[in-house]
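Topology and contacts: notes
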Amino acid sequence: MWSKSIQSQSPCQLATAVLLNPIMTELIQTHNLGRHFGDIKAVDGISFGAGRGEVLGFLGPNGAGKSTTMKLLTGFLSPSFGTATVAGFDIVEQSRDVRRCLGYLPENAPLYGEMEVAAFLKFVCEIRKIEASRRKAAIDTVIERAGLSGVLHQKIETLSKGYRRRVGLAQALVHDPEILILDEPTDGLDPNQKHDVRELILALAKDKCILLSTHILEEVEEVCSRIVIISRGKIVADGTADELRTRTASHGVVKMRLSGAQADSVDRELSEVPGVKEVAAQRVGDEVAVLVTPTGGDFSVHNLVEAVISKQCRIRDLSVERGHLDEVFRAITETVDFSGRP
Amino acid sequence: MVDFANIGAVCRREFSSYFATPLAVIFLCVFLVLNGFFTFELGRFYEIGQADLSSFFVWHPWLYLFIVPAISMRLWAEERKTGTIELLFTFPVSLFEAMAGKFLAAWAFLGIALLLTLPIVFTAYYLGDPDGGVIVASYCGSFLLAGSCLSIGIAVSAATNNQVIAFVISTSICLLLTLLGYDPIVQALHKVFPPVFMEQLTNLSFPFHFEAIRRGVLDVRDVFYFLSIIFLGLFSGAIILDKVKAQ
């Protein structure tokens, strides 16, 4: 509880110096990090890293351990086991330095409701040690970024949910941190507000490391450069949206609509194309709908098309299934039971 | 290593939040009205015919029983309820700094309440020639007593997210510490416990030390008693907070 951090003039500059070291490129790095609440394994040994320019999306069902992981990284909770570093600082031993270097938007964006927006931002500047001379510039910048100029002298509790979320984002940004941790930044907002927040995140993404949690799949696809899926406190998938989609059963399936005299017998020809696992053909009106499931490996759409043309069929339509994130999400997380985990 | 700038920032924020609503003004009015009632009605300030403020200060331990927990109950319980505790402790602030900042804000507020009772001093001077040293010592004692009740209240407030529970428990603890020095109770307990034990027990009570200061003797031991209660309250509050903040 008493701060044990190593005092230095500017810990974030120190962290940047550490970053120049090629071995340490990740701004967030966890090793087998875990937190148990009694018998409940909220976070059960997770390891991942995230670097500058990356927007890492934490995806998972409610109670999967997303928020707990974020609370561990921001120093609000201490881990039961494992370690993690943020900007090169240990989250337990150098908690205060960690907290200096990151901006955090907690779930539901809790704020001091009785304060006016301007007074609240001034308080954040004080507690974040932004010198009085730079304070006005810092506040002006976040006010512009978060679009708060119209509500500066309103009490926070009188603001709409969208504005309150923006105030939450503004307080996380006021010291221009390298690392941003956002717990469900768009939860409970209307579509326009969601869009605004995503635009803001994308604008910030270039020179920062952003970790955000969500359970909205379209959001992940829109803003995240990488996705980590968490279920029951463990990481069950880690990759880009495209990589994760390849896990879908329907990934790579070629759908065609063919016409021509020999269309009905084309399936035998197609099943001999290298890499084809299964061919299903069905006549629909004057066309034949064909579904080709590849095994992967040496399959190519080019060979498939050549085989079709050699049978003098006409291709009316052709599409390659990319797969669906929600299918992947359900497939790897739906084993979660409803035992009332927090 | 304690960062005093952080204590200041937390303290200023907390202090200004009192005046964000009319509640602070209402509180000050209630405090002054109750003080007047106790002094003039129950303490019979005029009838006693002495130019001193003992009939004013003698009620303070009883007054603080209810007044101070009303201030302290929200200090942490509200932060826990609204979730701002997560915001506060993910700022680069230590538990003790936040604790001390909040305590100082509430203590300063109680100090203002106490300063607003100064007209009664002028009244005493108008009516006679009271001992100024005794009055100064009594004010110091009263302020220390308020701080002690406050530090107990802030520790209790850290333990719950329900303000009503915080109020009731803090009042109970302060009542216990007050009754241990209240003569009728002390005499009853003397029949049960051996004198050596009773002496220690009375030593722990608020009135034992407050009365000593109120007589005009600002003894180091009494001041030390109040300061150690304050430190103990803040320290145990910080430990409680560390355990429960995540729940």
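Residues numbered from 1 in each chain as written. Chains lettered and ligands numbered in written order. Predicted model: local features only at pLDDT ≥ 70, side-chain atom pairs only at ≥ 80, totals over all residues. Heavy atoms only, no water.

Turning our eyes to something else, we now look at the interface of chain B and chain A. In this complex, chain B contributes 33 residues to the contact, which on the side of chain A involves 29 residues. Here chain B meets chain A over a buried area of about 3,100 Å², counting both sides, of which 64% is carbon and sulfur. Taken as a group, Arg13, Glu86 and Pro92 of chain B account for 22% of the area that chain B buries against chain A, more than any other trio of residues on that side. Scanning the region where chain B abuts chain A turns up five salt bridges. (Contact = heavy atoms within 4.5 Å. Buried area = accessible area lost by both parts, 1.4 Å probe. Salt bridge = Lys/Arg side-chain N within 4 Å of Asp/Glu carboxyl O.)

Residues and elements named next belong to chain A. For chain A, the mean per-residue pLDDT works out to 85, and 90% of the residues sit at or above 70. Across residues 17–24 the pLDDT falls below 50, and counting only partners more than four positions away or on other chains, this stretch makes seven contacts in the model. With pLDDT under 50 throughout, residues 336–342 is counted as low confidence; its partners more than four residues away or in other chains account for 12 contacts. (pLDDT = per-residue confidence, 0-100.)

Each assigned domain of chain A is listed with its residue range as follows: domain 1 (11–245) and domain 2 (254–321). Inter-centroid distance (C-alpha atoms) of domain 1 of chain A to domain 2 of chain A is 48 Å. (Domains from an automatic or database assignment.)

Attention now goes to a nonpolar patch on the surface. A cluster of nonpolar residues, Val164, Ile165, Val168, Ile169 and Ile173 of chain B, forms a patch on the protein surface that exposes about 400 Å² of accessible area. Within the element layout of this structure, isoleucine 169 of chain B appears in helix H11 (residues 163–179). (Patch = residues over 30% accessible without salt bridge, like charges linked within 9 Å, V, L, I, M, F, W, Y side chains within 5 Å. Areas by Shrake-Rupley, 256 points an atom, 1.4 Å probe, with all protein chains shown as cover. Helix = DSSP H or I, 4+ residues; strand = E, 2+ residues; numbered from the N terminus.)

To continue, consider the pattern of salt bridges. Side-chain pairing between opposite charges can occur once the charged atoms of the two side chains come close. Residue and element names in this part refer to chain A. Applying the stated rule across the entire model yields 34 salt bridges over all chains. The partner of aspartate 176 in a salt bridge is lysine 208, and the shortest N-O contact between them spans 2.7 Å. Of this pair, aspartate 176 sits in the loop between helix H6 (161–173) and strand E7 (179–183) while lysine 208 is found in the loop between helix H7 (191–204) and strand E8 (209–214), placing the two residues 32 residues apart along the sequence. Glutamate 269 is the partner of lysine 311 in a salt bridge, and the nearest nitrogen-oxygen pair spans 3.9 Å. Placement of lysine 311 in the loop between helix H11 (301–310) and strand E14 (314–320) and of glutamate 269 in helix H10 (residues 266–271) is noted, with a sequence separation of 42 residues between them.

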